[in-house]
Amino acid sequence: MGLFDRLWRVIRANINSLISQAEDPEKILEQTVMDMQEDLIQLRQGVAQAIATQKRTERQYAQAKTNTEEWYRRAELALQKGDEHLAREALTRRKTYEETANALKAQIEQQSVIVAQLKQNMITLERKIADAKTKKDMYIARARSAKASQKLNEMLGQVGNSGAMAAFERMEERVMEMEARSAALAELANDTVEHQFAALEQGSVDEDLEALKRKMMGESAPASGSLPAAESAPSPATDAELDDLRSRLEND
C-alpha cells in the first residue's frame, strides 16, 4: 500500500469520526423536521400554482366555447340574410374556436390529474410530517436519556479510577490495620493479667499446702513418753481415693 493511500485512509477516518461526533441526534431530528416543513411549503405552493393554472385554463375553455357558439349564431344570421360568404367566414372562425376549446378541454383533463396527484402527495407529506414530529419527540427523549446515562457512567468510571477512591481504599486498609493492632494489644494485656492472677493464686495454693502439711504433722505427732509407731502402709481405700483425686485434677 502506497503512502498516499494510507494517508487518504487516515484522513477519511478522521473526517468520519468528526462527522459522527457532530451528529447530535436532537439537532439532526429537529433539522429533518424543518426540512420536511420546507418541502411541504414548496409542495403547497406547487399545488396552488397548479390549481391556479387549471382555473385559468377553464376560463379560457369557457371563453372559447362561448366564442364558438357566438360565431355559429352569426353564421346562421348571415345565411338568413342571404350572405353565404359571410356565413362561411363565420363558420371558419367558429371552427378555430372549437379546436381551441377542444385543446383546452384536453389540457384541463391533464391538469386535473396533476392537481389530484399533487394534492395526494401533499396529504401524504403532511401525514409523514405529523408522524415524524411524534417520533422526533420520542427519539429526542430517548437520546437525552441515553446521553445522561452515558455521562453518569463516565462520571462513575472517573470516580472509580480517581485518586480519591484510592485514598479511601488506603484509609480503609489503615483503619483495619489499626483495629487489628488494637485487638492484639488487648489480647496481650489480657494474657498478662491472667498470668498475674495465676501467680497470685499459685502463691495462695502453696501457702495453703504448707499449712495443710503443718496441720497433718501436728495431728500425727506421738504423745510424750511413747515410742514412735512404725509408719503404717497406706490402705487400698486410701490409694483409690488418691487415684480419684489425681484423675479429677487432670480432668480439670
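Look up a bit, the structure's there.
Residues numbered from 1 in each chain as written. Predicted model: local features only at pLDDT ≥ 70, side-chain atom pairs only at ≥ 80, totals over all residues. Heavy atoms only, no water.

Q: Help me understand the side chain of glutamine 54, please; the structure alone is not making it clear to me.
A: Structurally, glutamine 54 is set in helix α2 (residues 25-80). At 2.8 Å, the side chain of glutamine 54 and the side chain of serine 112 are in polar contact. Not counting residues within four places of it along the chain, the set of residues in contact with glutamine 54 comprises Ile108, Gln111, Ser112 and Val115. (Helix = DSSP H or I, 4+ residues; strand = E, 2+ residues; numbered from the N terminus. Polar contact = N/O pair within 3.5 Å; in protein donor to acceptor, adjacent residues only side chain to side chain. Contact = heavy atoms within 4.5 Å.)

Q: Where do I start with the pattern of salt bridges in this structure?
A: For side chains bearing opposite charge, pairing can occur when the charged atoms are close. For the structure shown, the criterion picks out ten salt bridges. Among the salt bridges present, the one from aspartate 131 reaches lysine 135, with a minimum N-O distance of 3.4 Å. You can see aspartate 131 and its partner lysine 135 sitting in helix α3 (residues 84-161), four residues apart, about one turn around the helix. With its nearest N and O atoms 3.4 Å apart, the salt bridge here joins arginine 181 to glutamate 177. A residue pair is termed a helical-turn pair when its members lie 3 or 4 positions apart in one helix, as arginine 181 and glutamate 177 do in helix α4 (residues 163-220) at four residues. The class of arginine 181 is partly exposed, set by a relative accessible area of 49%. Salt bridges sharing common partners tie together Glu30, Lys136 and Asp137. (Salt bridge = Lys/Arg side-chain N within 4 Å of Asp/Glu carboxyl O. Buried < 20%, exposed > 50% of the residue type's maximum accessible area, 1.4 Å probe, protein only.)

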